[in-house]
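Structural characterization, general
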Amino acid sequence: MSVSLIILAAGQGTRMNSDLPKVLHPLAGAPLLVHAMLSGAAVSPEKTVVVAGHEADVVEKAAKAHDPEVTIVTQDEQLGTGHAVLQARDALADFDGDAVVLFGDTPFIRPETIGAMVTARSDHAVVVLGFEAEDPKRYGRLVMSGNTLERIVEYKDATEKERAISLCNGGVVTANAQVLFDLLDAVGNDNASGEYYLTDIVGIARERGLSATAVTCPEAETQGINTRQELAKAETTLQSHMRSDALDNGVTMSAPETVFFSHDTVIGRDATIEPNVFFGPGVTIETGAKIRAFSHLEGCHVARGSIVGPYARLRPGTELSEDVRVGNFVEIKNSTIAEGAKVNHLSYIGDAEIGKATNIGAGTITCNYDGVMKHKTTIGERSFIGSNTMLIAPVTVADDTMTASGSVITKDVEAKALAIARAQQVNKPGLAVKMFEKLKNLKAKRDKGTK
Ligand code: UD1
Ligand code: MG
């Protein structure tokens, strides 16, 4: 059975107190909306429709950055979850499979849970995700009779007896897409909120003799994000899970509580991560590599045996081969560093390719930006770039070369050459003593004048 996703993301999220739409606030390096898309990816959706409303263009951009194939529809007025789902009707007009409705602000639903709901669909027309709430608060309540879900009643509309039900609606719903839209046609807004409730489709389905049931999951999965407090708490929870997974997978961390991961960080067995390391999105660390304290990495790959830091920054597009050394206060961006090369101290390497076993001396800068365009620096194998060399890109320094310390390299250097590009030194005998005397006299005169 093919499945499509409808992700509701039109709400403003007033309680976030933010200009950014709620679903775009990041959790472990990815917007909340992307977490919902990732949960849904488990059912290999044929189509993903995101219902945007508040700041729809920004939501569209973020959704397409994650999945360019996504379809965006807009809900201009937020008239309720049922109304929101109906906005996807045209986008799914030709689709006869199942639709799974997810909320863009609910990032913890496990892919397996959605899988279980899709499986349950073979026996029931409508499947809803339920959970036993410790404190059911204002959630919708699931009215069951045996295994059959009879209807969902929203807290505001519930009787005291119904409010006593602890089985609550987690928000995820699945049904055949066309059946879902037909049921929604019958939903009105005559209720305590004056909204078109998605949840009303269950009662309507039952009236029509269609079967409905609930699949349950732990409460933690259904937790939605409404405030920055909840977002921060969710980040803490997620970080703690990721640290625990990394330890279980054989990563060494002496202070795991100080290491921050992204949702997609991949770290191999027997890698060591020292305290206070931050991983932005898109990082892969291979087996046995070591990331030393206070390093910041994003969008990079570190191969086995490499050592990075302390205090190193690897930016997107950085590719370190095996046994590379990147030391303190080194920044690398969009560059490939070949096996055994070393960039140990105080350097900026950007848009560069550095060959095997080459040593980049302290303070070396690839001057990759001319104020308008970026240019490439290529350095060959077994070369020695002297300390404080400025490499004015575009420039190529071939294999087995040397550059003299302090050189400003503006021209290509051929293989085996030594490039010196700095002013000649001149020594003036005795002149230092004369200079000191002259300066001291000058200072004495000046001090007298100010008295
Ligand atoms: C909803 C459910 C409730 C369930 C709870 C779980 C309904 C009527 N109620 O309530 O049974 O227990 O979720 O968290 O479905 N949205 C739109 N357009 C709208 C309204 C909402 O896109 O017009 C989006 C919101 O941005 C949000 C999601 O739908 O991502 C859920 O809406 P929300 O207002 O949070 O629903 P709840 O009142 O929490
Ligand atoms: Mg909610």
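Keep in mind that what you see is a predicted model, and the values were worked out from it rather than measured. Each chain has its residues counted from 1, running along the sequence as written. Following the order in which they are written, the chains are lettered starting with A and the ligands numbered starting with 1. Given that the model is predicted, a residue must reach a pLDDT of at least 70 before its local features are reported, and side-chain atom pairs must reach 80 or more before they are shown or counted; all residues, however, enter totals for whole chains, interfaces and linings. Only heavy atoms go into the side-chain values, all of them from the structure, while hydrogens and water stay out.

1. Description of the sheet that holds strand β13 (residues 266-267)
Ordered by their spatial adjacency, eight strands build an open sheet running β13-β16-β19-β22-β25-β28-β31-β34, and the pairing between neighbours is parallel. Two strands in the sheet have a free side with no partner beyond their single neighbour: β13 and β34 (395-397). For strand β22 (residues 318-320) and strand β25 (residues 336-337), the ladder comprises two bridges, and the chain directions are parallel. Note that in β25 the partner of Leu320 across the bridge is Ile337. We call two strands paired when DSSP finds no fewer than two bridges between them. We count a stretch as a helix when DSSP gives it H or I for four or more residues in a row; a strand needs E for two or more, and each element gets its number in order from the N terminus.

2. A few points about the layout of surface pockets
A 1.4 Å probe that fits into a set of points on a 1 Å grid over the protein atoms alone but cannot get out defines a cavity; an open set with protein on both sides within 12 Å along at least five of seven lines defines a pocket, and lining residues are those with an atom within 4 Å of a point. Grid points are joined across faces, edges and corners, and a volume is the space filled by probe spheres set on the points. Here the second largest pocket defines a volume of roughly 200 Å³. Lining the second largest pocket are Met242, Asp245, Ala246, Asn249, Val251, Phe261, Ser262, His263, Thr265, Val266 and Ile267. Looking at the lining of the second largest pocket, the element that brings in the most residues is helix α8 (residues 228-248), giving three residues. Residues that form the lining of the second largest pocket fall into these classes: six nonpolar, four polar and one charged. Each residue gets one label: Ala, Val, Leu, Ile, Met, Phe, Trp, Tyr, Cys and Pro are nonpolar, Asp, Glu, Lys and Arg are charged, and the others, such as Gly, are polar.

3. A closer look at empty space enclosed by the protein
Summary: where empty space remains is shown by rolling a probe the size of a single water molecule over the atoms. Considering all chains together, one arrives at one cavity of 30 Å³ or more under this definition. By volume, the largest cavity is sized at about 40 Å³. Taken together, Leu102, Phe103, Thr106, Ile109, Gly170, Gly171 and Val172 form the lining of the largest cavity. When residues of the lining of the largest cavity are traced back to their parent elements, those giving at least two are β6 (98-103) and β10 (167-176). Broken down by element, the lining of the largest cavity gets its largest block of residues, three residues, from β10.

4. Thoughts on the packing of aromatic side chains
Each pair of aromatic rings taken from Phe, Tyr and Trp, with Trp reduced to its six-membered ring, is defined by centres within 6.5 Å and is described as stacked if the planes are under 30 degrees apart, edge-to-face if over 60, and tilted in the remaining cases. Counted by the stated rule, this structure contains four aromatic pairs. Ring geometry for Phe131 against Tyr139: centres 5.0 Å apart, planes inclined by 90°, an arrangement best described as edge-to-face. Exposure classes here rest on a 1.4 Å probe applied to the protein chains alone. A residue is buried below 20% of its type maximum, exposed above 50%, and partly exposed in between. Given the relative accessible area of 25%, Tyr139 is considered partly exposed. Their ring planes at 15° and their centres at 5.2 Å tell us that Tyr311 and Phe329 sit as a pair that is stacked. Residue Tyr311 is located in the loop between β20 (307-308) and β21 (312-314), and its partner Phe329 is located in the loop between β23 (325-328) and β24 (330-333); the two are separated by 18 residues in the primary sequence. What makes Tyr311 partly exposed here is its relative accessible area of 40%. Joined through ring pairs, the aromatic side chains of Phe294, Tyr311 and Phe329 make up one cluster. Each ring is checked for a lysine NZ or an arginine CZ that lies within 6 Å of its centre and within 35 degrees of its normal; such an atom marks a charge sitting over the ring. When the ring centre of Phe260 is taken as origin, the NZ or CZ atom of Arg243, which lies over that ring, is 4.9 Å away. Sitting above the plane of the Tyr369 ring, Lys374 keeps its charged end 5.3 Å from the centroid.

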